[in-house]
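Chain residues, written in single-letter form:
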Amino acid sequence: MCNRTGVNVKNHMDKQLNSLFEKLDLKAKSLLVTVWGDCVAPHGGTVWLRSLINLVEPLGLNDRMVRTAVFRLQKDELLSSEQQGRKSFYSLTENGRHRFAEATHRIYAAEDMPWNEKWVLVFAARRDMNEKQRRQLQAELGWLGFGSLGAGIFAHPTISLPSVESVLADLSLKERATVLYGSSLPQSHFGAPNALVRKGWNLETLESDYQQFIDRFTGFLSLKEQKPAIDEKKCFIIRSLLVHDYRRVLLRDPMLPAKLLPEEWNGSQARTLFREIYQQVWEGAERHLLNVLENSTGRLPPASEEFKARFGGLKR
């Protein structure tokens, strides 16, 4: 758990931040993944370790925590390192870029994905895999939002085939899994996709987790009315915690089309809240992180066009 020392309570916003730190169960490795995906990847993806330590210190991560988390991410083959003199620089590996790109697409999507009522099914030859491979495949497909139907069968209604192929290639399992794409039989009296949803996913738990996110962050909708405006460091703190808590739920959300979801799905309200608060703090947070982070040539490059296109276009 992060060693959060607490923000000085000076006003209502500080009280909200203190309350948020108390409610969130922040783990160093997971929080660093959030910051890397939201802040580092859009600016070239390479960063000097000391500058990263300085950036995340207000989030309660000290030197030792960051170094340990980075070491673990490198062991997971998500980060690679390069030494230049006494300075260490870290970048995403190819596998890391694939995973971060998929997460980025889901987190900052402009709108719900349409559904053509077809399904992607993955049949894994589990007998031809060792235990580590089986665990990795289940974890990676679960991370993409696949539901497990048992016996090595996984399903998803809207995932792109290249995303699945990328996972199988990264795990060297392309010869041990079959991917099918199709729909129910036409004119069938047994075309009840909700039965498959109930088998593959626990939507009740997701509903509860989305409600927690809504309860934690609704108070931050008043940011635009804050006088004087909150400083850039606080914008970074709020943006990081916002993305982290939303990501915690979203990356377990299969992103099912509306037709397969309960009425008044909490995920829709959570997405709207996430987008509105992010739009209020992203620019101040950008100024702060660009003043702190460095790569091997100095300050990081400007944000990518993909970053500017988040939610269909970031507003100034």
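Residues numbered from 1 in each chain as written. Predicted model: local features only at pLDDT ≥ 70, side-chain atom pairs only at ≥ 80, totals over all residues. Heavy atoms only, no water.

Participant: Pulling in residues and values, what's your account of helix α1 (residues 12-23)?
Facilitator: Its twelve residues place the ends of α1 17 Å apart at the C-alpha level, agreeing with the 16 Å of an ideal helix rising 1.5 Å per residue. Buried residues of α1: Met-13, Asp-14, Gln-16, Leu-17, Asn-18, Leu-20 and Phe-21, and no others. Along its buried surface, α1 packs onto α9 (203-217) and α10 (232-250). (Helix = DSSP H or I, 4+ residues; strand = E, 2+ residues; numbered from the N terminus. Expected span 1.5 Å × (residues − 1). Buried < 20%, exposed > 50% of the residue type's maximum accessible area, 1.4 Å probe, protein only. Contact = heavy atoms within 4.5 Å.)

Participant: Help me get a handle on the sheet that holds strand β4 (residues 119-124), residues and values and all.
Facilitator: Pairing is antiparallel in the open sheet, where four strands are placed in the order β5-β6-β4-β7. Where the open sheet ends on each side, the last strands, each with one partner, are β5 (147-150) and β7 (177-182). Across the sheet, the axes of successive neighbouring strands diverge by a mean angle of 25°, strand direction being ignored. Along the sheet face, helix α7 (residues 161-170) touches β4 and β7 and points at about 175° away from the line of β7. (Pairing = 2+ DSSP bridges. Axes fitted to C-alpha atoms, helices over the stretch in contact; angles between N-to-C directions.)

Participant: Outline the sheet that holds strand β1 (residues 46-48), supporting the account with residue identities and numerical values.
Facilitator: With antiparallel pairing, the three strands of this open sheet are ordered in space as β1-β3-β2. Of all strands in the sheet, those with a lone pairing partner are β1 and β2 (79-84), marking the two edges. Mean inter-strand twist for the sheet, computed between neighbouring axes without regard to direction, equals 25°. One ladder, built from three bridges, connects β1 with strand β3 (residues 87-92); its direction is antiparallel.

Participant: How would you summarise the layout of surface pockets if you had to cite specific residues and measurements?
Facilitator: Roughly 970 Å³ of volume is contained in the largest pocket. As for the largest pocket, its lining consists of 39 residues, and the residues nearest its centre are Leu-78, Asn-95, Arg-99, Glu-140 and Trp-143. Listed by contribution, the elements that provide at least two residues to the lining of the largest pocket are α2 (28-40), α4 (63-75), α5 (94-107), α6 (131-143), α7 and α10. Take the lining of the largest pocket: its biggest share by element is eight residues, from α5. In terms of residue class, the lining of the largest pocket is made up of 15 nonpolar, eleven polar and 13 charged. (1 Å grid on protein atoms, 1.4 Å probe; cavity = no way out; pocket = protein on both sides within 12 Å on 5 of 7 lines; lining within 4 Å. Points joined across faces, edges and corners; volume = space filled by probe spheres on them. Nonpolar A, V, L, I, M, F, W, Y, C, P; charged D, E, K, R; others polar.)

Participant: How would you summarise the nonpolar core if you had to cite specific residues and measurements?
Facilitator: One recurring pattern in soluble globular proteins: nonpolar side chains tend to sit buried together. Of all hydrophobic cores here, the largest spans 97 residues; its most connected members are Leu-52, Phe-274 and Tyr-278. In terms of residue count, α10 provides more of this core than any other element does, ten residues in total. Beyond its immediate sequence surroundings of up to four residues, Phe-274 is in contact with Ile-107, Tyr-108, Phe-213, Leu-242, Val-243, Tyr-246 and Phe-311. (Core = buried A, V, L, I, M, F, W, Y, C linked by side-chain atoms within 4.5 Å.)

Participant: Which residues make up the side chain of Asp-253, and what values do they have?
Facilitator: Here Asp-253 shows up in the loop between α10 and α11 (266-292). The charged side chain of Asp-253 is buried without a salt bridge, its nearest counter-charge being Arg-106 at 5.6 Å. Engagement of the side chain of Asp-253 in a polar contact is seen with the backbone nitrogen of Met-255, the distance being 2.8 Å. In this view, Asp-253 contacts Arg-106, Gly-145, Leu-206, Tyr-210 and Trp-265; residues no more than four positions away in its chain are not counted. (Lys, Arg positive; Asp, Glu negative; His and termini not counted. Salt bridge = Lys/Arg side-chain N within 4 Å of Asp/Glu carboxyl O. Polar contact = N/O pair within 3.5 Å; in protein donor to acceptor, adjacent residues only side chain to side chain.)

Participant: Can you break down the packing of aromatic side chains residue by residue, with the values?
Facilitator: In the structure shown here, the tally under the stated rule is 15 aromatic pairs. Centroid distance Tyr-246 to Phe-274: 4.1 Å. Interplanar angle 15°. Geometry classified as stacked. Residue Tyr-246 is located in helix α10, and its partner Phe-274 is located in helix α11; the two are separated by 28 residues in the primary sequence. Side by side, Tyr-246 and Phe-274 carry an identical accessibility label, which is buried. (Phe/Tyr/Trp six-rings, centres within 6.5 Å; stacked < 30°, edge-to-face > 60°.)

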